[in-house]
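# Descriptive analysis of the structure
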Amino acid sequence: MFPAERRRKIAQLVAQRGSVTISELSQMFQVSEMTIHRDLAQLQALGFLEKTYGGAISRHTFVNPDFTVRLKSNVAEKAGIAARAEELVKDGDSIILDASTTCLLLARRLRQKKNLTVFTTGPHALLELAGAPGLTVYATGGLLSPETMSLVGAEAERFLARLHVNKCFVGANSVTVEHGITDPYPPEAEVKRRIVEASDEVFLLADHSKFGAIALVTAVDLKAVDLVLTDTGTAPSQLQALEEAGIRYILCEPLQE
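Below you will find a few notes about this structure. (Residues numbered from 1 in each chain as written. Predicted model: local features only at pLDDT ≥ 70, side-chain atom pairs only at ≥ 80, totals over all residues. Heavy atoms only, no water.)

## Comments concerning the state of the cysteines
The condition is simple: Throughout, a disulfide means two cysteine sulfur atoms within 2.5 Å of one another. Each residue is assigned to one of three classes by its accessible area relative to the maximum for its type, calculated with a 1.4 Å probe on protein chains only: buried under 20%, partly exposed between the two thresholds, exposed over 50%.
Counted by the stated rule, this structure contains zero disulfides. Residue C103 stays outside any disulfide, its sulfur separated by 8.6 Å from that of C168, the closest cysteine. A residue is classified by how much of its surface remains accessible, and C103, at 0% relative accessible area, is buried.

## Quick look at the pairing of strand β4 (residues 94–97)
Which entries qualify depends on this criterion: In DSSP terms, a helix is any run of H or I states spanning at least four residues, a strand is any run of E spanning at least two, and both are numbered starting from the N terminus. Note: two strands are recorded as paired if DSSP finds a minimum of 2 bridges between them. When the strands point away from the viewer and the connection leading from the first strand across the helix to the second strand turns clockwise, the crossover is called right-handed.
Side chains of β4 alternate between two faces, with S94 and I96 and I95 and L97 buried alike. Pairing of β4 with strand β5 (residues 116–120), which is carried by four bridges, proceeds in the parallel orientation. Within β5, the residue paired with I95 across the bridge is V118. Crossover handedness for the path β4 to helix α6 (residues 101–107) to β5: right-handed. As paired strands, β4 and strand β9 (residues 165–170) are joined by three bridges and run parallel to one another. The partner of L97 across the bridge, within β9, is F169.

## Describing the pattern of salt bridges
What counts is decided by this rule: Any carboxyl oxygen of Asp or Glu that lies within 4 Å of a side-chain nitrogen of Lys or Arg is treated as forming a salt bridge with it.
This structure, assessed with the given rule, holds 15 salt bridges. Residue K210 pairs with D207 through a salt bridge whose shortest N-O separation is 3.7 Å. Among the charged side chains, a network of salt bridges with common partners joins E157, E190, R193 and R194.

## Quick notes on the nonpolar core
Note that soluble globular proteins tend to have their nonpolar side chains buried in a common cluster. Applicable threshold: In this description, a nonpolar core means a group of buried Ala, Val, Leu, Ile, Met, Phe, Trp, Tyr and Cys residues linked to one another through side-chain atoms lying within 4.5 Å. What makes two residues a contact is simply this: any of their non-hydrogen atoms within 4.5 Å.
Counting 31 residues, the largest nonpolar core has I96, I181, L204, L222 and V225 as its most contacted members. When residues in this core are grouped by element, the largest group, four residues, is from helix α9 (residues 186–197). When sequence neighbours within four positions are dropped, the list of residues in contact with I181 reads V170, G171, A172, S174, K192, L204, V217, T218, A219, V220, L222 and V225. Grouped together as the second largest cluster of nonpolar side chains are 26 residues, A82, L110, A132 and L227 included.

## Considering helix α8 (residues 154–161)
Condition: Here, the arc refers to the directions that run from the helix axis to the C-beta atoms.
Buried residues of α8: A156, E157, F159 and L160, and no others. On an axial view of α8, the arc spanned by its buried residues comes to 160 degrees, and they lie on one face. Contacts made by the buried residues of α8 are with β4, β5, β6 (135–139), β8 (150–152) and α9.

## A word on the packing of helix α2 (residues 22–29) against helix α3 (residues 33–45)
What describes two packed helices is the angle between their axes and the distance between those same axes. The criterion, for reference: Orientation is described by axes fitted as lines to C-alpha atoms, over the contacting stretch for helices, and by angles from 0 to 180 degrees between their N-to-C directions. Between 65 and 115 degrees an angle is taken as roughly perpendicular, under 35 as roughly parallel, over 145 as roughly antiparallel, and anywhere else as oblique. Residues are grouped as follows: Ala, Val, Leu, Ile, Met, Phe, Trp, Tyr, Cys and Pro are nonpolar; Asp, Glu, Lys and Arg are charged; all remaining types, including Gly, are polar.
Following both chains from N to C, one finds α2 and α3 inclined at 110 degrees, their axes separated by 9 Å at the closest point. Compared by their axis directions, α2 and α3 come out roughly perpendicular. Facing I22, S23, L25 and S26 of α2, the residues of α3 in contact are E33, I36, H37 and L40. Residue composition of the contact of α2 with α3, by class: four nonpolar, three polar and one charged.

## Considering the side chain of D93
If you trace the backbone, D93 turns up in the loop between α5 (75–86) and β4. Setting aside residues no more than four positions away along its own chain, D93 makes contact with L88, N115, L116, T117, N166 and K167.

## Considering the packing of helix α1 (residues 3–17) against α2
Under the convention used in this document: Handedness of a helix crossing follows the sense of rotation of the near helix relative to the far helix, less than a right angle counterclockwise being left-handed and clockwise being right-handed.
Between α1 and α2, the shortest axis-to-axis distance is 12 Å and the interhelical angle comes to 135 degrees. In this view, α1 runs oblique relative to α2, as classed from their interaxial angle. As α1 packs across α2, the resulting crossing turns out to be right-handed. The segment α1 lies against α2, with R6, K9, I10, L13 and R17 engaging E24, L25, M28 and F29.

## Section: the sheet that holds strand β3 (residues 55–58)
Strands sit in the order β1-β3-β2 across an open sheet of three strands; the sheet is antiparallel. A strand with exactly one partner marks an edge of an open sheet, and here the two such strands are β1 (19–21) and β2 (49–52). Strand-to-strand twist in this sheet, taken as the mean axis angle between neighbours without regard to direction, amounts to 20 degrees. Judged from the three bridges that link them, β1 and β3 form a sheet pairing that is antiparallel. Paired with V20 across the strands is A56, a residue of β3. Against the sheet, α2 engages β1 and β3, with an angle of about 75 degrees to β1.

Right under this line is the structure:
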């Protein structure tokens, strides 16, 4: 096993269990305890865990909750963000929606648009848009990930690499100015990166709960994002960090639907 893969598995294990010991990691991965010490030191430097005497404890959550759980969380905040995002989509646009739950709420608002071309990695968004008369809708193809309910993998990446669209809308598992948009699932992070690369304008849809945490893999640097749409519950310290980094954002009022 390559060191980077071992460290990824260690980070995931710590996140899932909350704590681990150096001795059990040494036995699990068949490497010396000194090697595990170095792995933990690197993961701590990246902000993924806290080293303790004889082991490590979790600092952040790396595992994506079930899609249905995410769909029911912060619904009013996500609805407000989706409503504001709809205003950014113009008739005649070509756009990409990722598989995030906030983008699904946005998809539900796009059925009345005219001459709109939509590409999506989200099967739920695809079904939501099916049959809308003014829309041309494409799925990227790829492997359906049960972790994220999104299309990922080489086929999805090749499809996205050939695209050039006006705008994309992406959600996030975790967001910080220092580490950008991060994700616990490397294939999802890679697809999100390809989505951003294919788009002239990039809009991040992220409710307040996503800010301040760091997941395993950086998908997108926030410097690549043209506008962050978040809700009024986002911590002032997080908004200040965005301002200091020169990253534009707008605050969206929660919306009961």
